[in-house]
Amino acid sequence: MAKTEKPKTPLLYKVLGPAMAIPAGIVVKKTADTAWLRVRGYPPPKNPAAPGVTWPDALAWAAVSGVLYASGRLVAARGAAAVYKKLTGELPPGVNTASAA
């Protein structure tokens, strides 16, 4: 059986990933902290595993931050792919329309 080689990731795409992810991460962190503060009235737990954090707060923070961070990662990945396509005219390796199904 022939081993299929993974396509090499172009340097441009390697640079675009962090360039999109860093600002997205900053926005997500500020959004999560602000939303928590407005809803709960106090800052989110810095360490949800710490003994002084209640289970409801730990679980709520896990849910809120998980959804927001996953959404931020998706926005950054799609943004990087869109910029790469705009600059090169091609989708990045491993990203294709057939994988949408």
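Refer to the structure presented above.
Anyway, here's the lowdown on the structure attached to this text. All of these numbers come straight from a predicted model, not from anything done at the bench. (Residues numbered from 1 in each chain as written. Predicted model: local features only at pLDDT ≥ 70, side-chain atom pairs only at ≥ 80, totals over all residues. Heavy atoms only, no water.)

The biggest cluster of nonpolar side chains holds 5 residues, and these are Y13, L16, A80, A81 and Y84. Mapped by element, the contributors of at least two residues to this core are α1 (11-40) and α2 (55-88). Ranked by the residues each element gives to this core, the list is headed by α2, at 3 residues. Those residues in contact with A81, other than ones at most four positions away along the chain, are Y13 and P92. (Core = buried A, V, L, I, M, F, W, Y, C linked by side-chain atoms within 4.5 Å. Buried < 20%, exposed > 50% of the residue type's maximum accessible area, 1.4 Å probe, protein only. Helix = DSSP H or I, 4+ residues; strand = E, 2+ residues; numbered from the N terminus. Contact = heavy atoms within 4.5 Å.)

Moving on, we come to the packing of α1 against α2. Packing of α1 against α2 leaves a shortest axis separation of 8 Å and a crossing angle of 150 degrees. As summarised for this structure, α1 and α2 are arranged roughly antiparallel, according to the angle between their axes. Considering how the two elements wind past one another, α1 and α2 form a crossing that is right-handed. For the contact of α1 with α2, the class distribution of residues is 21 nonpolar, 5 polar and 4 charged. (Axes fitted to C-alpha atoms, helices over the stretch in contact; angles between N-to-C directions. Parallel < 35°, antiparallel > 145°, perpendicular 65-115°, else oblique. Left-handed = near helix turned anticlockwise from the far one by under 90°. Nonpolar A, V, L, I, M, F, W, Y, C, P; charged D, E, K, R; others polar.)

Checked against the element boundaries, T9 lands in the segment before α1. With 83 residues separating them along the chain, T9 and P92 place their C-alpha atoms 7.7 Å apart. Residues in contact with T9, not counting those within four places in the same chain, are K14 and P93.

A separate point is the packing of aromatic side chains. Per the counting criterion, the structure on display carries 3 aromatic pairs. Both rings, one in W36 and one in W61, keep their centres 5.5 Å apart while their planes meet at 90 degrees; by these two values the pair is edge-to-face. Of this pair, W36 sits in helix α1 while W61 is found in helix α2, placing the two residues 25 residues apart along the sequence. Like W36, the residue W61 is buried in the burial classification. Feature note: the residues W36, Y42 and W61 constitute an aromatic cluster, connected by ring pairs. (Phe/Tyr/Trp six-rings, centres within 6.5 Å; stacked < 30°, edge-to-face > 60°.)

Attention now goes to the pattern of salt bridges. According to the stated counting rule, one finds 2 salt bridges in the structure shown. The salt bridge partner of K29 is D33, with a shortest N-O separation of 2.8 Å. You can see K29 and its partner D33 sitting in helix α1, 4 residues apart, about one turn around the helix. Judged by relative accessible area, D33 falls into the partly exposed class, the value being 21%. (Salt bridge = Lys/Arg side-chain N within 4 Å of Asp/Glu carboxyl O.)

Such coordinate-based values are descriptive only and should not be taken to indicate function.
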